[in-house]
Amino acid sequence: MPWRAGFYEEINMTDYQGPSLELRARVALEKHRFHNTHSLGQNFILSESLLSGLLDETAVGPADNVLEIGPGPGLMTALLARRAARVLAVEVDRALEPVLAELLADAPNARVVFQDILKADVAQLVGEAFGGEPYRVVANLPYYITADILLRLASCQRPPESISIMVQWEAAERLMSAPGSKQWCALAAELQYYGDARVLAEVPPEAFDPPPHVTSCFMRIDAHAEPIVRPKDPALFRRLIRAAFAMRRKTLANNLKASFGLSQQAARDVLAAAGVDERTRGEALTLEELCRVSDAICMLHT
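Now for a description of the structure that goes with this document. (Residues numbered from 1 in each chain as written. Predicted model: local features only at pLDDT ≥ 70, side-chain atom pairs only at ≥ 80, totals over all residues. Heavy atoms only, no water.)

### With respect to the pairing of strand β4 (residues 136-140)
To be explicit about the condition: Accessibility here uses a 1.4 Å probe with only protein chains present; expressed as a share of the type maximum, an area under 20% marks a residue as buried, one over 50% as exposed, and anything in between as partly exposed. Helix and strand assignments follow DSSP, with helices taken as H or I runs no shorter than four residues and strands as E runs no shorter than two, numbered in order from the N terminus. By this definition, two strands are paired if DSSP reports at least two bridges between them.
Burial analysis of β4 places five of its five residues in the buried class, which makes it a mostly covered element. Where burial is concerned, the two faces of β4 agree: the one with R136, V138 and N140 and the one with V137 and A139 are both buried. Where strand β1 (residues 65-69) meets β4, four bridges bridge the pair, whose relative direction is parallel. Within β4, the position partnered with I69 by the bridge is A139. Pairing between β4 and strand β5 (residues 162-168): four bridges, direction parallel. Along β5, the bridge assignment pairs N140 with M166.

Written out as structure tokens, the structure reads:
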């Protein structure tokens, strides 16, 4: 579904019937005297109607397994448990344990593990939780770890079918930037190699508790059904992407020398084999061109 203006105002006016998870979440937070920790970037959404509307856009269905990163008080987790087959929520803050226990008491298909997702083995986590079955990711993350999380998920041995995530508006613009633009970066290249990103809804600061100082948006990245490029060595390809953007003022040839230990002549040979001008900077290249350079480096080492 394409992004539309006014989504937040529209969804907040929708009348959702049934027991109020929102009230239960607020009462549990108060009961257990939970206080948001600024250093953990805890900005919760406590509107059941807004979260339900956003989850409608995630493509999560009854047969899906979901990895939720950053469940907070568990309101979105409980809503996901009503939609999905199984939910594994990963939370770093153990102070939320009694709150989550209350919200998920009647959700037997939801499980919470308390780990730092940045230190966890994502492939192992989903393997133990879902076996070899596909899964989707839904996340409302602290914005300062967005890039690290997205890179870990996109390069995971068992990547998700889709990633639905709340991000800062500026981050969304970078993720969807085009080659040659000022915002084209390693993260954008790696994410576009993984899948197709689109913004679903703009979410204003007042939707959060406490309100952040930035405008947010909810976006979804769907894994490509077929790779848009097929590098000979995917790990080397990702390494090349990082190298290409490592020093933006340097030419790609110089970045290849620094990152791969190539001589000046070897770097020139690699770029010539890939059909890329040696004076080109990495941020000017498309994924297809980066793939050709990666394959040329592979040939150099064979």
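Here the narrative resumes, following the displayed structure.
### Things to note about the sheet that holds strand β6 (residues 195-203)
This is how the line gets drawn: For every element, the axis is a line fit to its C-alpha atoms; helices are fit only across the contacting stretch, and the angle between N-to-C directions ranges from 0 to 180 degrees.
With respect to topology, seven strands assemble into an open sheet ordered β3-β2-β1-β4-β5-β7-β6, the strand pairing being mixed. Strands with a single pairing partner mark the edges of an open sheet, and in this sheet they are β3 (110-114) and β6. For this sheet the average axis-to-axis angle between neighbouring strands, irrespective of direction, equals 20°. Alignment of β6 against strand β7 (residues 216-223), held across eight bridges, turns out to be antiparallel. Looking at β7, one finds that E202 is bridged to C217.

### Topic: the nonpolar core
Formally: Throughout, nonpolar core names a set of buried Ala, Val, Leu, Ile, Met, Phe, Trp, Tyr and Cys residues whose side chains join them through atoms within 4.5 Å. In this analysis, two residues are considered to be in contact whenever any of their non-hydrogen atoms come within 4.5 Å of each other.
L67, I69, L256 and V293 are the most contacted members of the largest nonpolar core, which has 69 residues in total. Those residues within four positions of V293 in sequence are excluded, and the remaining contacts are L240, L252, L256, V270, L271, A274, V276 and L285. One finds F44, V99, L100 and L200 within the second-largest nonpolar core, a separate group that totals 38 residues.

### A few points about helix α4 (residues 75-83)
Within an α-helix, residues lying three or four positions from one another point in the same direction, as the helix has 3.6 residues per turn. Taken across its nine residues, α4 has seven buried, putting it largely inside the fold. Restricting attention to buried positions, one finds in α4 the residues L75, M76, T77, A78, L79, L80 and A81.

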